[in-house]
Amino acid sequence: MDDTNETIRQQFSERLKKELARAGLPVASPTQITNEFNRQYPQHKMAAQTMRKWLFAEAIPTQAKLLALADMLGVSPQWLRFGMGARKVSKPSGMAHDDASIPPGGVVVSQQQAALAPVVDLLMRLSPSNVRLVEKIVRCVLDEQDTQH
């Protein structure tokens, strides 16, 4: 089990490093990355030690910090956490909003997304193979649902 958790942390760390580099943030400086994160997301402040743990595959963010981190990097939380699904965040069609209405550093989360947070927390505890299994089950249910409509 420890090997599985270590692998999961390592894979997350690699995705995080790539996205930080792509965003122009200095991967070698957890303090600078943390300062930028805390500036953009003051409601989710963290210590540089926390970022260092993520970069060195010693820990994985909580769901709230993961959502903010994914938003900061412009990637989907599912992809950042699990390496599955679409890498980029897709905006639902017909959901136009005025960016000026979003507070600086705010994260727009729909009620449906908020309701899924406990499920995502449970998924985060699964091994990668079990996450893939759950994903296949959900796809089967969606396929069945689509054929009924």
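Anyway, here's the lowdown on the structure attached to this text. (Residues numbered from 1 in each chain as written. Predicted model: local features only at pLDDT ≥ 70, side-chain atom pairs only at ≥ 80, totals over all residues. Heavy atoms only, no water.)

1. Looking at the overall build of the protein chain
Formally: Segments assigned H or I by DSSP are reported as helices when at least four residues long, segments assigned E as strands when at least two residues long, and all are numbered from the N terminus. Buried means the residue's accessible area, taken with a 1.4 Å probe over protein chains only, is under 20% of the maximum for its type, while exposed means over 50%, and partly exposed covers the values in between. Contacts are residue-level and defined by heavy atoms, with any inter-residue pair within 4.5 Å sufficient. Accessibility throughout is a Shrake-Rupley quantity obtained with a 1.4 Å probe, and a residue counts as covered only by protein chains that appear here.
The number of helices and strands found in the protein chain is 7 helices and 0 strands. Reading the protein chain from its N terminus to its C terminus gives the helix and strand order α-α-α-α-α-α-α. Taking all 149 residues of the protein chain together, the buried fraction comes to 27%. Taking the intrachain contacts of the protein chain between residues at least 6 apart in sequence as the baseline, contacts between residues at least 24 apart amount to 55%. For the protein chain, the accessible surface area stands at approximately 9,600 Å², while carbon and sulfur atoms represent 55% of it.

2. Quick look at helix α4 (residues 63–73)
Given 3.6 residues to a turn, an α-helix orients residues that are three or four positions apart in the same direction. When you tally the buried positions in α4, you get 8 out of 11 residues, the bulk of the element. Three or more residues of α4 are buried, namely Q63, K65, L66, A68, L69, A70, M72 and L73. Following α4 by one or two positions, G74 adopts a phi angle in the positive range, close to 70°.

3. Here we look at the packing of aromatic side chains
Counted only if it meets this: Aromatic pairs are defined between Phe, Tyr and Trp rings, using the six-membered ring for Trp, whenever the two ring centres lie within 6.5 Å; interplanar angles under 30 degrees are classed as stacked, those over 60 as edge-to-face, and all others as tilted. Only Lys NZ and Arg CZ are tested; either one counts as a charge over a ring when it is within 6 Å of the ring centre and within 35 degrees of the ring normal.
What the rule picks out here adds up to 1 aromatic pair. Between F37 and Y41, the aromatic rings sit 5.4 Å apart at their centres with planes inclined by 40°, giving tilted as the arrangement. Judged by relative accessible area, Y41 falls into the buried class, the value being 2%. In this structure, R87 packs its charged tip against the face of W79, placed 5.8 Å from the ring centre.

4. Brief notes about unusual backbone geometry
Even without being glycine, A57 reaches a positive phi, approximately 60°. You can see A57 is positioned in the loop between α3 (48–55) and α4.

5. Digging into the pattern of salt bridges
Threshold: The salt bridge definition used is simple: a Lys or Arg side-chain nitrogen within 4 Å of an Asp or Glu carboxyl oxygen.
Applying the stated criterion across every chain yields a total of 6 salt bridges. Residues R22 and E19 are paired through a salt bridge, measuring 2.5 Å at the closest nitrogen-oxygen approach. Highlighted residues: R22 and E19, both in helix α1 (residues 2–22), separated by 3 residues, approximately one helical turn. Looking at E19, the relative accessible area reads 2%, which means it is buried. In this structure, the salt-bridge partner of R87 is E19, at a minimum N-O distance of 2.9 Å. With a gap of 68 residues between them, R87 in the loop between α5 (77–82) and α6 (111–123) and E19 in helix α1 connect regions that are remote in the sequence.

6. Quick notes on the nonpolar core
In plain terms, the rule: We call a set of buried residues a nonpolar core when its members are Ala, Val, Leu, Ile, Met, Phe, Trp, Tyr or Cys and they connect through side-chain atoms within 4.5 Å of each other.
One finds L16, L20, M51, L69, M72, L73 and L80 to be the most contacted residues of the largest nonpolar core, which totals 20 residues. Ignoring sequence-local partners within four residues, the contact set of L69 consists of F12, L16, F37, M51, W54, P61 and L80.

7. Section: a nonpolar patch on the surface
Cut-off, in case you're wondering: Nonpolar side chains (Val, Leu, Ile, Met, Phe, Trp, Tyr) are joined into patches within 5 Å and like charges within 9 Å, using only residues with over 30% relative accessible area and no salt bridge.
Taken together, the side chains of L133, I137 and V141 present a nonpolar region at the surface, about 270 Å² in accessible area. Tracing the sequence through the fold places I137 in helix α7 (residues 128–148). I137 sits in the partly exposed class, given a relative accessible area of 46%.

8. Focus on the packing of helix α2 (residues 30–40) against α3
The following threshold applies: Angular values range over 0 to 180 degrees, each being the angle between N-to-C directions of two axes fitted as lines to C-alpha atoms, with helices fitted over their stretch in contact. Crossing handedness: left-handed means the near helix sits turned counterclockwise from the far one by under a right angle, and right-handed means the same turn made clockwise. Residues are grouped as follows: Ala, Val, Leu, Ile, Met, Phe, Trp, Tyr, Cys and Pro are nonpolar; Asp, Glu, Lys and Arg are charged; every other residue, Gly included, is polar.
At their nearest, the axes of α2 and α3 sit 8 Å apart, and the two run at 115° to each other. For the element pair α2 and α3, the recorded crossing hand is right-handed. For the pair α2 and α3, the contacting residues are P30, T31, I33 and T34 in the first and A48, M51, R52 and L55 in the second. A per-class count over the contact of α2 with α3 returns 5 nonpolar, 2 polar and 1 charged.

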